[in-house]
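Below are the chains, spelled out letter by letter.
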Amino acid sequence: MTDVCLFLLGAPELEEQLLDQLLLHPLIRTFTSQAIASHGVHPSELDASEQVLGRGDGVLIQAVLAGSDADALLTDLRRQLAGSKLRYWLCPVLTQGEIE
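Bear in mind that the values here come from a model prediction, so they are computed numbers and not experimental data. (Residues numbered from 1 in each chain as written. Predicted model: local features only at pLDDT ≥ 70, side-chain atom pairs only at ≥ 80, totals over all residues. Heavy atoms only, no water.)

Once that is clear, we can look at the packing of aromatic side chains. Under the criterion given, the structure shown has one aromatic pair. Here Phe7 and Trp89 contribute two aromatic rings whose centre-to-centre distance is 5.3 Å and whose plane-to-plane angle is 10°, an arrangement assigned as stacked. You can see Phe7 sitting in strand 1 (residues 3-10) and its partner Trp89 sitting in strand 4 (residues 87-92), a full 82 residues away along the chain. Here Phe7 falls in the buried class, since its relative accessible area comes to 16%. (Phe/Tyr/Trp six-rings, centres within 6.5 Å; stacked < 30°, edge-to-face > 60°. Helix = DSSP H or I, 4+ residues; strand = E, 2+ residues; numbered from the N terminus. Buried < 20%, exposed > 50% of the residue type's maximum accessible area, 1.4 Å probe, protein only.)

Below, the structure written as structure tokens:
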């Protein structure tokens, strides 16, 4: 199966739990994480200061892995983070490598 880039977008409170799970998960070798501002969230899901700013704080994680591994990882995350409203999407990876 083709490699994919898995994007995980969650609330800041999920960051440590997500990082712990991904660091220990056998299907993940390398991933990146960053604090982000998310847009398009329903205003009722934002706190007062986020409503004024028009954006919410979040964490974005990106990991490249085989498509079948991404499916297995998402199954695990659905079980471990049920109700967390963690968003995800997958994009195909056209090419990858290391510059040595």
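There's more to say after this.
Attention shifts here to the environment of Ala66. The topology assignment puts Ala66 in strand 3 (residues 56-66). For Ala66, a relative accessible area of 22% puts it in the partly exposed group. Through-space distance from the C-alpha of Ala66 to that of Thr2 is 6.0 Å; in sequence the pair is 64 residues apart. Other than its neighbours up to four places away in sequence, Ala66 contacts Thr2, Asp3 and Val4. (Contact = heavy atoms within 4.5 Å.)

In spatial order, the strands read 2-3-1-4; together these four strands make up an open sheet with antiparallel pairing. In this open sheet, the two edge strands, each paired with only one partner strand, are strand 2 (31-38) and strand 4. The sheet shows a mean angle of 25° between the axes of neighbouring strands, taken without regard to direction. Bridging between strand 1 and strand 3 involves eight bridges; their strand directions are antiparallel. Within strand 3, the position partnered with Cys5 by the bridge is Val64. (Pairing = 2+ DSSP bridges. Axes fitted to C-alpha atoms, helices over the stretch in contact; angles between N-to-C directions.)

Let us look at the packing of helix 1 (residues 15-24) against helix 3 (residues 67-80). A pair of packed helices is captured by two measures, namely the crossing angle of their axes and the spacing between those axes. Between helix 1 and helix 3, the least distance of the axes is 12 Å, while the angle of their chain directions is 140°. When the interaxial angle is binned, helix 1 and helix 3 end up oblique. Here helix 1 and helix 3 pass one another in a crossing that is right-handed. Residues Gln17, Leu18, Gln21 and Leu22 of helix 1 pack against Leu73, Leu77 and Gln80 of helix 3. Classifying every residue of the contact of helix 1 with helix 3 by side-chain character gives four nonpolar, three polar and no charged. (Parallel < 35°, antiparallel > 145°, perpendicular 65-115°, else oblique. Left-handed = near helix turned anticlockwise from the far one by under 90°. Nonpolar A, V, L, I, M, F, W, Y, C, P; charged D, E, K, R; others polar.)

Time to look at the state of the cysteines. Counted according to the given criterion, the structure contains zero disulfides. Between Cys5, a cysteine without a disulfide, and Cys91, which holds the nearest cysteine sulfur, the sulfur-to-sulfur distance is 6.6 Å. Overall, the relative accessible area of 12% leaves Cys5 in the buried class. (Disulfide = S-S within 2.5 Å.)

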